[in-house]
Amino acid sequence: MARPTMMDVAAAAGVSQATVSLVLSGTKGARLADATRARVVEAAKALGYRFVRRGTKAPPGGRSAIVFVADETSTDPWMSLAFEGARDKALEYGINMLMVVSHGDAELEANIIGGLKNLPILGLIYGTILTRLVQIPPALSDLSIVLVNCYDENREHHSVLPGDLLGGRTATEHLLLSGRSRIGFINGQQGVDAARDRLKGYKQALASNDIAFDPALVRPGNWEPSAGYEMTMELMALDNPPDAIFCANDMMAVGCFDALKQLNVRIPDDVAVIGFDDRDIAQYTHPPLSTLVLPLYEMGRTAAELLIEAAGGLHTNPSRIKVECELIARQSTATSRYLDDIEATLAAQ
C-alpha cells in the first residue's frame, strides 16, 4: 500500500493541504479553529500519516542549506505552501531551508544571495506567486537553480509548474459527467499563463465531447469575487443561460455563488459551480465548492528533490515538469438526482 500523503489527510479531514501543513508543522500564529485542528490530527492518525521531521540522511557534498527565493508571500498562500513542501523534502536529508521574499527586486535578490554565499548552499529554489516567464538575475547564475511556478525562456533550469491545462479540462469534464451540457466559463486576468491554460483545457474538454465552443459562454474575470458576481449575472442573462459555471479560481466562484443566490438559482440543482485552487474557503461555502488543487506543496517537494539529486551527482537536462491538479468533488457540482444515482449504484454493488 502506498504511503499516505498530505493530500490524503486533507481529503479525509475536509480541509486544504495548506491547513494540514499548518496544523501538523505546529506553525505558530495560524488562525485555525480547535475543531479544524482536531479533525486534521485525527485524520492523520487514522491514515498513519507521519509528518516529516529532520532525517538522518547526509546532505550531498556536505552542503546543508537550500535558499528559497519567493517574490511574494502575503497576498496568497502559494509560495508559503511551496516552501513547506520543499522544506519537508529537505528535512529528510537533514538540509536546512531558508526563505527570503524579494518582491521581484533583482538587486535585492542579488544582495541577499551575496550575503549568504558563505553558507554551505546546496542550491536555490526560485518561486513566483503567478505562473510566468522570469529572468534569473546574473548574480544568481552560478548557483544550482530550480524554478517553481515559473520558467525561463531558454530552458536553462528545471521548472516545476502546475498542470493548469489538464486541470481546466478535468474541471469541464467533471461538469459534463455530472449531466451538464451548457457550461459557462469565467476566466482570470488576461495575459496570465494560468488563465490561458485553463481556458485551453475548457475548450479541449468541449471538443472531446463533441460540444461546439460558444464564445458567448466565456467571460473575462480578474480573480476577484466581484468579477465572479458580475460575470455570472451576465451569463445568467443570456437567452440560453448555462446549466454549469466553471470559475477559473475559487475567489471568483464565491462571487458566482452570491449572484446565483440573488437570482434564486439553486446550486447545484439548477446550476453547478466548480472553482480552481482549493483555497480554504472552498470547504466552507454553501454548498461546499468543488474545485481543483493548485499543487504548490508537491511542486515545492519536487523542486527540492531535483536540487538534491543534482547535488548528489544526478545531472539531467533541464525540463518543465507539470504537476497534476487533483479534482476535489464537493456538493456544488452534484444534483440530488446525481447523488441518488451514486447511492443506488453503491447499494447495488
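Quick caveat, the model's predicted, so the values are computed rather than measured. (Residues numbered from 1 in each chain as written. Predicted model: local features only at pLDDT ≥ 70, side-chain atom pairs only at ≥ 80, totals over all residues. Heavy atoms only, no water.)

Colleague: Would you take a moment to explain the sheet that holds strand 3 (residues 121-134) for this structure?
Modeller: Either a parallel or an antiparallel arrangement is found when strands of a sheet pair, and the pairing is made through backbone hydrogen bonds. Strand order in the open sheet formed by six strands is 2-1-3-4-5-11, with parallel pairing between adjacent strands. Of all strands in the sheet, those bounded by a partner on one side alone are strand 2 (96-101) and strand 11 (320-323). Across the sheet, the mean angle from the axis of one strand to that of its neighbour is 20°, orientation sign disregarded. Two strands pair when backbone bridges link them, and strand 5 (residues 158-162) and strand 11 are joined in this way by four bridges, in the parallel orientation. Bridge pairing in strand 11 links Ser-159 to Arg-320. Lying over the sheet, helix 10 (residues 296-311) contacts strand 1 (65-70), strand 3, strand 4 (145-152), strand 5 and strand 11, oriented at roughly 145° with respect to strand 4. (Pairing = 2+ DSSP bridges. Helix = DSSP H or I, 4+ residues; strand = E, 2+ residues; numbered from the N terminus. Axes fitted to C-alpha atoms, helices over the stretch in contact; angles between N-to-C directions. Contact = heavy atoms within 4.5 Å.)

Colleague: Would you take a moment to explain the pattern of salt bridges for this structure?
Modeller: Pairing is possible between side chains that carry opposite charge, provided their charged atoms lie close to one another. This structure, assessed with the given rule, holds 16 salt bridges. As a salt-bridge pair, Glu-92 and Arg-301 come within 3.0 Å of each other at their nearest N and O atoms. Linking Glu-92 in the loop between helix 4 (78-91) and strand 2 with Arg-301 in helix 10, this pair joins segments that are 209 residues apart in sequence. The exposure class assigned to Glu-92 is buried, which follows from its relative accessible area of 14%. Classification of Arg-301 by relative accessible area gives buried; the value is 17%. The salt bridge involving Glu-234 is made with Arg-219; its shortest N-O contact spans 2.8 Å. Here Glu-234, found in helix 8 (residues 225-236), pairs with Arg-219, found in strand 7 (residues 218-219); they are 15 residues apart in sequence, far enough to count as distant. For Glu-234, a relative accessible area of 38% gives the class partly exposed. Classification of Arg-219 as buried rests on a relative accessible area of 15%. A cluster of three or more residues bridged by salt bridges with shared partners is formed by Glu-84, Arg-87 and Asp-88. (Salt bridge = Lys/Arg side-chain N within 4 Å of Asp/Glu carboxyl O. Buried < 20%, exposed > 50% of the residue type's maximum accessible area, 1.4 Å probe, protein only.)

Colleague: Sorry, what's going on with the side chain of Asp-243 here?
Modeller: Within the secondary structure layout, Asp-243 lies in the loop between helix 8 and strand 8 (244-247). A polar side-chain atom of Asp-243 sits 3.2 Å from the main-chain amide nitrogen of Ser-181. Discounting chain neighbours no more than four positions away, the residues touching Asp-243 are Arg-180, Ser-181, Arg-182, Ile-183, Asp-270, Val-271 and Ala-272. (Polar contact = N/O pair within 3.5 Å; in protein donor to acceptor, adjacent residues only side chain to side chain.)

Colleague: How should I be thinking about the nonpolar core in this particular structure?
Modeller: Across soluble globular proteins, nonpolar side chains have a tendency to be buried as a group. Within the largest apolar cluster, 41 residues are counted, with the highest numbers of intra-cluster contacts made by Ile-66, Phe-68, Ile-125 and Leu-296. Listing elements by their share of this core, those giving two or more residues are helix 1 (6-13), helix 2 (17-25), helix 3 (34-47), strand 1, helix 4, strand 3, strand 4 and helix 10. Considering every element that reaches this core, the biggest residue donor is helix 10, with nine residues. Discounting chain neighbours no more than four positions away, the residues touching Ile-125 are Ile-66, Val-67, Phe-68, Val-69, Ala-86, Met-97, Val-146, Val-148, Ala-303, Ala-304 and Leu-307. (Core = buried A, V, L, I, M, F, W, Y, C linked by side-chain atoms within 4.5 Å.)

Colleague: It is not clear to me how the packing of helix 4 against helix 10 should be interpreted in this structure. Could you clarify?
Modeller: Packed helix pairs are characterised by how far apart their axes lie and by the angle those axes make with each other. Running from N to C, helix 4 and helix 10 point in directions that differ by 45°, and their axes come no closer than 6 Å. Judged by the angle between their axes, helix 4 and helix 10 are oblique. Along this stretch, helix 4 crosses helix 10, giving a crossing that reads as right-handed. Contact residues: helix 4 offers Trp-78, Met-79, Leu-81, Ala-82, Glu-84, Gly-85, Ala-86, Asp-88, Lys-89 and Ala-90, while helix 10 offers Leu-296, Tyr-297, Gly-300, Arg-301, Ala-304, Glu-305 and Ile-308. Its residues assigned to classes, the contact of helix 4 with helix 10 comprises ten nonpolar, two polar and five charged. (Parallel < 35°, antiparallel > 145°, perpendicular 65-115°, else oblique. Left-handed = near helix turned anticlockwise from the far one by under 90°. Nonpolar A, V, L, I, M, F, W, Y, C, P; charged D, E, K, R; others polar.)

Colleague: Would you mind showing me how to read the environment of Leu-263 here?
Modeller: By the secondary structure assignment, Leu-263 is in the loop between helix 9 (250-262) and strand 9 (272-274). Considering only alpha carbons, one finds Leu-263 and Met-236, 27 residues apart in sequence, at a separation of 8.7 Å.

Colleague: How should I be thinking about helix 8 in this particular structure?
Modeller: Each full turn of the α-helix corresponds to 3.6 residues, which orients residues three or four apart in the same direction. With twelve residues, helix 8 extends 16 Å from end C-alpha to end C-alpha; this agrees with the ideal 16 Å at 1.5 Å per step. Along its buried surface, helix 8 packs onto strand 6 (183-186), strand 7, strand 8 and helix 9. (Expected span 1.5 Å × (residues − 1).)

Colleague: What is the right way to look at helix 7 (residues 193-208) in this model?
Modeller: Over its 16 residues, helix 7 extends 22 Å from the first C-alpha to the last, a length consistent with the 22 Å expected when each residue adds 1.5 Å. All of the buried residues in helix 7 are Asp-193, Ala-194, Ala-195, Asp-197, Arg-198, Leu-199, Gly-201, Tyr-202, Ala-205 and Leu-206. On its buried face, helix 7 sits against strand 3, strand 4, helix 6 (164-177), strand 6, strand 7 and strand 8. After helix 7 finishes, the residue Asp-210 shows a positive phi value of roughly 55°.

Distances and angles like these do not, on their own, reveal function.
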